[in-house]
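A structural walkthrough
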Amino acid sequence: MSETESPEAPAPARREPAWMSLLPTVRMTLLSIAVALAFGAVLIAISDPRVVGADSFGGALKGLGSAIGGSYWALVTGSIGSWAAFVDTLTKAAPLVCAGLGVTLAFRAGLFNIGAQGQLVLGAIFAGYVGFAMDLPVGIHLVVAVIAAGVGGALWGAIPGLLKARTGAHEVITTIMLNYVGGSLLLYLLTNVSAFGRAGQLNPRSRPVDASATFPTIFSIHIGVLLAVVATAVVWWLLERTTLGFQMKAAGANPLASRTAGMNVPRLYMYAMMIAGGLAGLGAAMTVLGQRLSLTTSFAGSLGFDAITVALLGRATPVGTLLAGLLFGALDAGGVQMQAGQGTPIQLTEVIKALIVLFVAAPAAVRGLLRLKGKAPGTTMEAKGWGG
Amino acid sequence: MQLEIRGLTKRFGSFTANDSIDLTIEPGEIHCLLGENGAGKSTLMNMLYGLLEPTEGGIFIDGKPAHFLTPADAIKAGIGMVHQHFMLVPVFTVAENVMLGREQLKSFGRLDRKAAAERVRELSSTYKLKVEPESLVESLPVGVQQRVEIIKALANDAEVLILDEPTAVLTPQETDELMEIMRSLKARGTSIIFITHKLREVKAIGDKITVIRRGKVVGTAPPSTSEAELAEMMVGRAVNLTVEKDPHPPGADVLSVKGVTVIDSRGATVVNDVSFTARAGEVLAIAGVQGNGQTELIKTLMGLIKPTAGTVELDGEDISQHGPRRSLEAGIGYIPEDRAHDGYVGSFGVDENLVLDQFRNPEFSSRGILRLDAIARNARKTVEEFDIRTETIKSSLSSLSGGNQQKVVVARELSRPLRVLIASQPTRGVDVGSIEFIHKRIIEERDRGTAVVIVSTELDEVFALADRIAVMCDGRIVDTVSPDIQREEIGLLMAGGGTHE
């Protein structure tokens, strides 16, 4: 009653296995996805000429069915409808998962890492340079390139970590600024440094990565994809089984108590940002060494920002991030098919992604729409990151 | 007015916080509501004040049913509440705070500050509540801020005043003054519902005492009832109110504090040239009113603040520059004052919190990898030993009651060999049953030869535990006395009134 925030009496606890407590979260996430798809259907309907251009009500209704059904069917076939589609999904998901894990890990340490984009870019610069400018034996070349990607990302993550630890500068601001710096650095290298690109081009592009530095493929999946799964397991292990993860989580949840318990909180921030950057760099390795095979100014697209949404959708858990990354990868892959086959703009998948995250962040909206009762889990997660 | 509660019940899901409570508050009565933390006092008052809707039962004013959907309804009906955490705007004056929400306007929508100040003056003289209407609230001591809250309620024509643990934040002198104010309110016909778990106060001021336990009224008692009987009603079993403590000869100096001065970031000297020694097998209590430098002094001992001047020596070695990890590893146990901020991680389980500062111990980790089985084993053992009431060892600390949260912190610190135990407000917000237990464990720690330093603002606690008392006021240790000293005398020292010779 005095300074406690807990309610007067603890609610009677339920005896159930630990995973049961995740069920409401999973349910809310699935419902959010469903509601987002429903909104997407409305958008498809009002933008499709088969519906708005129909000359009768019946025709419009028929058009409605074929527009929505066709578009979503294309989304499904384009992402998991064939082996090639599935490979495409995995290829697009893998870098998202890695960069998302970086955001997740930083988040658990109480840091809002907006800098995955910049960390990816630096990882790509390092990986790319090793890939096309260094001459190393087969096997070793790839390993060195992947490690270089991780180091590049980690260095870029270390800067905001160091600034936070030493000066208290807020990581949200420093990481956003370093995204700009990273992007500009890449442009500079591609346009002005001969080792990277050919000067004076309109679309700056680096030399292609040597074959010895690219990921080999098994059943047309490049093995970098497997690294994303390994990374998920390693991040889970780090958070749940090691003293470092224990301290990071403690520092994230209550830095004062962590300091009182003898932890070096600034150093933990530093480590968390370095590992987060390294994971984003690993994601860049997958893009550069497995997918695009050369550097362009837009090679990363909005990968670093999608990584944030993936981490949020995955509720800042490693496995959740993996699943969310797969979903986003599927949307990206299926979106291409949707546009090609049905003429539905690929931007729709971006809208659906945004809506999913919006509804996950505002569970009250989903409950209101579906007239559900009860308290939503995990509603405060997004706000908390700003507290650091 | 007469306020009656009949069969009031509040359920949260399957949990019954208040079970069919009956209570009648007569006009001009000081009705004490006594109960442990989590007994349901706050739930009851929140229903009375329109913050919670009752599941069953009703509230009657002078026999007529009343329904409060919001606090505004309750205020209109004549119910006022002084929350434990004040609801004042610090940068406003007293008069501005009192008029907030029902401002009187002059022409062109200008605020009529004069009328508000006049109203404050009037209430303050009627009820003997000494307050200057023009003072800024943030410049006022806590006791006076509380008076502003009372005036605010009275300005709303409150006839029933709910005081939620009002003495928790007051000095002994301020508590006496509050009691005077309560008597003068009573004399003018205002009824008071006085919520507390301090037995001494209940006996001193109450007309009628209602004891609540686990959401039910377990009985009413006249103020003549003995403290032991009241405690038994409250806890449900006989409670030993005095700490059993044999005299124990103090050993060698363990912790020597020499000339410690702390200047805070605003340039204020918060700890001023403090020196003392803590000896093995002795409890040294640092008594003082909240905010007189104890917090900073204790943090300095733990290495959480580096002193501006002076040294803290543990067995002759200066530890003041090392930081908390070295202090913990050197065998200092620390129970922080503000447990929610410094003592535990709310989202962590009981098991994790029990090793929060011990996870490096080879018992709980090796080569950076946690030994989850050992951590779980430790949690099961400690939960059992310290009677921590938790559903599972994985339950998050924030789901536990305040008393049990404190037990987790105490258990963690006392479960390892210590050279020094530093405990700041070890029983704040903890119920009588747990206080008894925590005190017993602290004395056991002393008898084991640990040097114990207790910081407390509760005189009862200081007298119960201390072998020596250092009184702190204004950043200085004004005197060190033996616990045979009179209560009044130490109260005077705490207020800075002269030095004991």
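Residues numbered from 1 in each chain as written. Chains lettered and ligands numbered in written order. Predicted model: local features only at pLDDT ≥ 70, side-chain atom pairs only at ≥ 80, totals over all residues.

**Focus: the overall build of chain B**
Helix and strand counts for chain B come out as 17 helices and 22 strands. The C-alpha radius of gyration computed for chain B amounts to 24 Å, which stays within 12% of the reference 23 Å derived for 501 residues, consistent with globular compactness. In terms of overall dimensions, chain B has a C-alpha envelope of 70 × 50 × 45 Å along the principal axes. For chain B, with 501 residues in total, the buried portion stands at 48%. If you take every contact in chain B between residues at least 6 apart in sequence, the share linking residues at least 24 apart comes to 66%. (Helix = DSSP H or I, 4+ residues; strand = E, 2+ residues; numbered from the N terminus. Rg over C-alpha atoms; globule rule 2.2 N^0.38 Å. Buried ≥ 20, exposed ≤ 12 C-beta atoms within 10 Å, placed from the backbone. Contact = placed C-beta atoms within 7 Å.)

**Topic: the overall build of chain A**
Of the regular secondary structure elements, chain A holds 16 helices and two strands. For chain A, buried positions account for 52% of its 388 residues. Sequence-distant contacts in chain A: of pairs separated by 6 or more residues, those separated by 24 or more amount to 76%.

**Structural notes on the packing of helix H8 (residues 224-241) of chain A against helix H11 (residues 265-292) of chain A**
Residue and element names in this part refer to chain A. For the pair H8 and H11, the least separation of the axes is 9 Å and the interaxial angle reads 165°. Relative to H11, the element H8 is oriented roughly antiparallel. Handedness of the H8/H11 crossing: left-handed. Here Gly224, Leu227 and Ala231 of H8 lie close against H11, whose contacting residues are Leu279, Leu282, Ala285, Met286, Leu289 and Gly290. (Axes fitted to C-alpha atoms, helices over the stretch in contact; angles between N-to-C directions. Parallel < 35°, antiparallel > 145°, perpendicular 65-115°, else oblique. Left-handed = near helix turned anticlockwise from the far one by under 90°.)

**Here we look at unusual backbone geometry**
All names here are of chain B. Positioned with a positive phi, Arg214 is a non-glycine residue whose angle comes to about 50°. If you trace the backbone, Arg214 turns up in the loop between strand E9 (208-213) and strand E10 (216-221). A positive phi angle is found at Gln425, which is not glycine, with a value near 45°. Topologically, Gln425 is positioned in the loop between strand E19 (420-424) and helix H15 (432-447). By C-beta crowding, Gln425 is classed as buried, having 25 other C-beta atoms within 10 Å.

**Remarks on the environment of Met472 of chain B**
Residue and element names in this part refer to chain B. Tracing the backbone through its elements, the reader meets Met472 in strand E21 (residues 468-473). Of the residues examined, Met472 has 24 C-beta atoms within 10 Å and is grouped as buried. Sequence separation between Met472 and Met494 is 22 residues, and the spatial gap between their C-alpha atoms is 6.5 Å. The residues touching Met472, leaving out its near neighbours within four places in the chain, are Ile286, Ala287, Gly288, Asn292, Gly293, Gln294 and Ile477.

**Looking at the confidence of the model for chain A**
Residue and element names in this part refer to chain A. Of the residues in chain A, 89% reach a pLDDT of 70 or more, and the chain-wide mean stands at 85. Taking the mean pLDDT of every element in chain A, the minimum, 38, falls on helix H16 (residues 381-384) and the maximum, 96, on helix H9 (residues 243-253). Across residues 1-15, confidence stays below pLDDT 50; counting only partners more than four residues off in sequence or on other chains, it has 43 contacts. (pLDDT = per-residue confidence, 0-100.)

**A look at the sheet that holds strand E12 (residues 269-279) of chain B**
Read from one edge of the open sheet, four strands run E12-E11-E14-E15 (chain B), paired in antiparallel fashion. With one partner strand each, in any of the chains shown, E12 and strand E15 (317-318) of chain B form the two edges of the open sheet. (Pairing = 2+ DSSP bridges.)

**Points about the packing of helix H4 (residues 113-126) of chain B against helix H5 (residues 142-155) of chain B**
Packed helix pairs are characterised by how far apart their axes lie and by the angle those axes make with each other. All names here are of chain B. Running from amino to carboxyl end, H4 crosses H5 at an angle of 105°, the nearest separation of the two axes being 10 Å. It follows that H4 is roughly perpendicular to H5 by the angle criterion. Contacts between H4 and H5 pair Arg119, Val120, Leu123 and Ser124 from the former with Ile151, Leu154 and Ala155 from the latter. Residue composition of the contact of H4 with H5, grouped by class: five nonpolar, one polar and one charged. (Nonpolar A, V, L, I, M, F, W, Y, C, P; charged D, E, K, R; others polar.)

**Some words on the nonpolar core**
The nonpolar side chains of soluble globular proteins are, as a tendency, buried together. Within the largest apolar cluster, 250 residues are counted, with the highest numbers of intra-cluster contacts made by Cys98, Ala124, Ala127, Ala272 and Leu289 of chain A together with Val420 of chain B. Here the element with the most residues in this core is H11 of chain A; it accounts for 18 residues. Apart from residues no more than four positions distant in its own chain, Cys98 of chain A is found in contact with Ala228, Ala231, Leu279, Ala280, Leu282, Gly283 and Met286 of chain A. (Core = buried A, V, L, I, M, F, W, Y, C linked by C-beta atoms within 7 Å.)

**A short note on the pairing of strand E22 (residues 476-481) of chain B**
Residue and element names in this part refer to chain B. In terms of strand pairing, E21 meets E22 through five bridges, oriented antiparallel. Of the residues in E22, the one forming a bridge with Cys473 is Arg476. In this antiparallel pair of consecutive strands, E21 and E22, the connection spans two residues, and Asp474 shows a positive phi of 60°.

**A few points about the environment of Ala311 of chain A**
All names here are of chain A. Topologically, Ala311 is positioned in helix H12 (residues 303-313). Separated by eleven residues in sequence, Ala311 and Leu322 place their C-alpha atoms 8.7 Å apart. Setting aside residues up to four positions removed in sequence, Ala311 forms contacts with Gly100, Val103, Thr104, Phe107, Ala316 and Thr321.

**Observations regarding the sheet that holds strand E8 (residues 191-196) of chain B**
All names here are of chain B. Pairing is mixed across the open sheet formed by six strands, whose spatial order is E6-E7-E8-E3-E9-E10. Edge positions in the sheet fall to strand E6 (79-82) and E10, since each of these pairs with one other strand and no more. The sheet shows a mean angle of 20° between the axes of neighbouring strands, taken without regard to direction. Bridge count for E6 against strand E7 (residues 160-164) is four bridges, and the pairing is parallel.

**Some details on helix H5 (residues 116-133) of chain A**
With 18 residues, H5 of chain A should cover 26 Å at 1.5 Å per step; its first-to-last C-alpha distance of 25 Å lies within 8% of that length. For H5 of chain A, the tally of buried residues reaches 17 of 18 residues, placing the bulk of the element in the interior. (Expected span 1.5 Å × (residues − 1).)

**Considering H15 of chain B**
Residues and elements named next belong to chain B. For H15, built from 16 residues, the straight-helix expectation of 22 Å at 1.5 Å per residue is met to within 8% by its first-to-last C-alpha distance of 23 Å. All buried positions along H15 are accounted for by Val432, Ser434, Ile435, Glu436, Ile438, His439, Ile442, Glu445 and Arg446. Contacts from the buried residues of H15 go to helix H8 (227-235), strand E13 (282-287), helix H14 (402-414), E19, strand E20 (451-456) and helix H16 (459-465). In the stretch just after H15, Gly449 is the one whose phi turns positive, near 100°.

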